[in-house]
Amino acid sequence: MIEFNLYWWDYLSLFLIFFVGVPHGALDGAISITLGYSKKISLQIRFLISYLLFSSLILIFWYYFPVISLITFILISIFHFGCGDLKWHADTFYYIRGYVHGSLIVLGIIFLNLSEVEQFFEILSGNNLSLLWISLKAMLLFCCLSIIFLLINYKKINFSIDYLKLMFPIILIISFSPPLLAFALYFCFIHSFNHMKRIIPTLFNFMNKAKAIWLMAIFSLLSWLGGAFALYYLSFNFNQNEALIKVIFIGLAALTFPHMVLVDGFFRQKFKI
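Here the residue numbering is sequential within each chain, running from 1 through the sequence in written order. Local features in this predicted model are restricted to residues of pLDDT 70 or higher, and side-chain atom pairs are both shown and tallied only at a pLDDT of 80 or more, whereas totals for entire chains, interfaces and linings draw on every residue. For the side-chain quantities, the full set of heavy atoms in the structure was used; hydrogens and water were omitted.

### Let's talk about the overall build of the chain
Helices and strands together make up the secondary structure of the chain, namely eleven helices and zero strands. Counting from the N terminus, the helices are DSSP H or I runs at least four residues long and the strands are E runs at least two residues long. Sequence-ordered secondary structure for the chain, helices as α and strands as β, is α-α-α-α-α-α-α-α-α-α-α. Using C-alpha atoms as the atom set, the radius of gyration is obtained and then compared with a globule rule of 2.2 Å times the number of residues to the power 0.38. Taking 19 Å as the expected radius of gyration for a compact globule of 273 residues, we find that the chain reaches 19 Å, a close match to that expectation. Expressed along its principal axes, the backbone C-alpha trace of the chain runs to roughly 50 × 50 × 30 Å. Only protein chains enter the accessibility calculation, which uses a 1.4 Å probe; a residue whose area is less than 20% of its type maximum is buried, one above 50% is exposed, and one in between is partly exposed. Taken over 273 residues, the chain has a buried fraction of 50%. Between two residues, a contact is recorded if the distance between any of their heavy atoms is within 4.5 Å. For the chain, restricting intrachain contacts to residue pairs at least 6 apart in sequence, the fraction spanning at least 24 positions comes to 80%. Summed over all atoms, the accessible surface of the chain reaches about 14,500 Å², with 71% contributed by carbon and sulfur. Of the charged side chains in the chain, 17 are positive and 11 negative; the average position of the first set lies 20 Å away from that of the second. Here, Shrake-Rupley sampling with a 1.4 Å probe gives the accessible areas, and only protein chains in the shown set may cover a residue. The convention is simple: Lys and Arg are positive, Asp and Glu are negative, and His and the chain ends are not counted. Every charge is mapped onto a representative atom, which is NZ of Lys, CZ of Arg, CG of Asp or CD of Glu.

Put into structure tokens, the structure is as follows:
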């Protein structure tokens, strides 16, 4: 077991991630309807089974290959957060800007809080972190090269005042908050808010508000129950703090992979949002 202390703001952060941040992904049930998976019962069942199977495979893969899983989770989080905060465009600059934006958030939190973050990494992937840190430094290098590329091609990129307004609170959060709180504040009140602000108007074109809220509530409840069961199970082998970190972040990874495929791979590209 890894002994380390969590402070009150860390518990608050974990609470916010679990009960405020996770529900934004619970809109995936409503999103599936807009993509046509409600036309037949067989399609609905296939969607649910595929979603749960994908999440289960992530958990299994994490169990056997924790370091590779964590590296992959960090990388897809960079793209998901970065592209999710930007308006969708069908060009290379969109993904490069998304990578840079997401890197400023994810890698910013990591490299500004090295000692604290390393403790979390040890819990999530074990003590052998050399491959992880090599990968993180490579991601940081690619971010720097991407920034240079964007600066060279600045005339082709439309930097709006809205983006500057978005970046100001993000920079404040990651600069002055401890790592867990910085992630929670961004994840719950910036990423989740922007996600719902962009997604919900399209959902309401396909269903009434009550149905969308009902589906969100059901998927949120299922996520919370799954997390509670996982916490109970892990409590037999890990201390409370270690079990909490594992449940929140490995569980978040298991939900993020299918969520990203559904939202970024299908929904946003179909509706150009």
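### Comments concerning a nonpolar patch on the surface
Taken together, I41, I45, I49, L53, L57, I60, F61, Y63, Y64, F65, I68 and L131 make up a surface patch of nonpolar side chains, about 1,300 Å² in accessible area. Here the nonpolar patch gets nine residues from one element, more than from any other, and that element is helix 3 (residues 41-64). Tracing the sequence through the fold places I45 in helix 3. In this structure I45 comes out as partly exposed when scored by relative accessible area, which is 44%. A patch is a set of surface residues, each over 30% in relative accessible area and not in a salt bridge, joined within 9 Å for like charges and within 5 Å for the nonpolar side chains Val, Leu, Ile, Met, Phe, Trp and Tyr. Each salt bridge in this description consists of a side-chain nitrogen of Lys or Arg and a carboxyl oxygen of Asp or Glu lying within 4 Å of one another.

### Focus: the packing of aromatic side chains
Only the six-membered ring of Trp is used, alongside the rings of Phe and Tyr, when aromatic pairs are assigned; centres must lie within 6.5 Å, and planes under 30 degrees apart are stacked while those over 60 apart are edge-to-face, with the rest tilted. Here the structure, examined in full by the defined rule, presents 23 aromatic pairs. Following the ring pairs from residue to residue traces out a cluster consisting of F81, F183, Y186, F187 and F249. Sitting over the ring of F238, K246 keeps its end group 4.8 Å from the ring centre. Whether a charge sits over a ring depends on NZ of Lys or CZ of Arg being within 6 Å of the ring centre and within 35 degrees of the ring normal.

### Let's talk about the packing of helix 3 against helix 4 (residues 66-84)
The description of two helices packed together rests on the angle between their axes and the distance between the axes. Only the stretch in contact is used when fitting a helix axis, every axis being a line fitted to C-alpha atoms; angles between N-to-C directions are given from 0 to 180 degrees. Interhelical geometry of helix 3 versus helix 4 gives an angle of 130° and a closest axis separation of 5 Å. Classified by the angle between their axes, helix 3 and helix 4 sit oblique to one another. Contacts from F61, W62, Y63 and Y64 of helix 3 reach helix 4 at P66, I68, S69, L70 and F73. Broken down by class, the residue content of the contact of helix 3 with helix 4 amounts to eight nonpolar, one polar and no charged. Comment on the angle field: the value is read as roughly parallel under 35 degrees, roughly antiparallel over 145, roughly perpendicular from 65 to 115, and oblique elsewhere. Just so you know the grouping, Ala, Val, Leu, Ile, Met, Phe, Trp, Tyr, Cys and Pro go in nonpolar, Asp, Glu, Lys and Arg go in charged, and all remaining residues, Gly too, go in polar.

### A short note on the environment of L35
Along the chain, L35 turns up in the loop between helix 2 (28-34) and helix 3. Once the C-alpha coordinates of L35 and L244 are considered, the two residues, 209 residues apart in sequence, prove to be 34 Å apart. Not counting residues within four places of it along the chain, the set of residues in contact with L35 comprises L262, F266, F267, K270 and F271.

### Quick look at the side chain of H101
Note on placement: H101 falls in helix 5 (residues 92-111). Any N or O atom pair separated by 3.5 Å or less is treated as a polar contact, with the protein-specific requirement of one donor-capable and one acceptor-capable atom, and with residues adjacent in sequence counted only for side-chain atom pairs. One polar contact links H101 to D85, side chain to side chain, over a distance of 2.8 Å. Beyond its immediate sequence surroundings of up to four residues, H101 is in contact with F81, G82, D85, Y163, L166, M167 and I170.

### A closer look at empty space enclosed by the protein
The way it works is a 1 Å grid over only the protein atoms, where trapped points that fit a 1.4 Å probe form a cavity and open points with protein on both sides within 12 Å along at least five of seven lines form a pocket, and then any residue with an atom within 4 Å of a point lines it. Grid points are joined across faces, edges and corners, and a volume is the space filled by probe spheres set on the points. All told, the structure shown has two cavities of 30 Å³ or more when counted by the stated rule. Looking at the largest cavity, its volume works out to about 350 Å³. Along the wall of the largest cavity there are 17 residues; nearest its centre are I109, I110, F121, F183 and F249. When residues of the lining of the largest cavity are traced back to their parent elements, those giving at least two are helix 4, helix 5, helix 6 (114-125) and helix 9 (179-203). Broken down by element, the residue count for the lining of the largest cavity peaks at five residues, all from helix 4. Here the residues of the lining of the largest cavity are counted per class, giving 16 nonpolar, one polar and no charged. By volume, the second largest cavity amounts to about 70 Å³. Lining the second largest cavity, in full, are H80, G84, D85, H191, H195, R198, I199, V263, D264 and R268.

### Some remarks on the confidence of the model for the chain
Values of pLDDT, which run from 0 to 100, indicate the predictor's confidence residue by residue. Taken as a whole, the chain shows an average pLDDT of 89; of its residues, 97% reach a score of 70 or greater. Mean pLDDT across the elements of the chain ranges from a minimum in helix 2, with 85, to a maximum in helix 7 (residues 130-152), with 95.

### What about helix 1 (residues 8-25)?
Residue count minus one, scaled by 1.5 Å, sets the expected span of a helix. Under the 1.5 Å per step criterion, the end-to-end length of helix 1 is 26 Å for 18 residues, consistent within 8% with the ideal 26 Å. Where helix 1 bends most, the angle comes to about 35°, and this point is I17. Listed in full, the buried residues belonging to helix 1 are D10, S13, L14, L16, I17, F18, G21, V22, P23, H24 and G25. Take the seven residues that end at a residue and the seven that start at it, fit an axis to each, and the angle between those axes is the bend at that residue.

### Concerning helix 6
Taking 1.5 Å per residue, twelve residues should reach 16 Å; helix 6 reaches 16 Å between its end C-alpha atoms and fits that length. Within the span of helix 6, buried status applies to V117, F120, F121, I123, L124 and S125. Projected onto a plane normal to the axis of helix 6, the buried residues spread over an arc of 165° and lie on a single side. Buried residues along helix 6 sit in contact with helix 3, helix 4, helix 5, helix 7, helix 9 and helix 11 (240-271). To be clear, the arc concerns the directions from the helix axis to the C-beta atoms.

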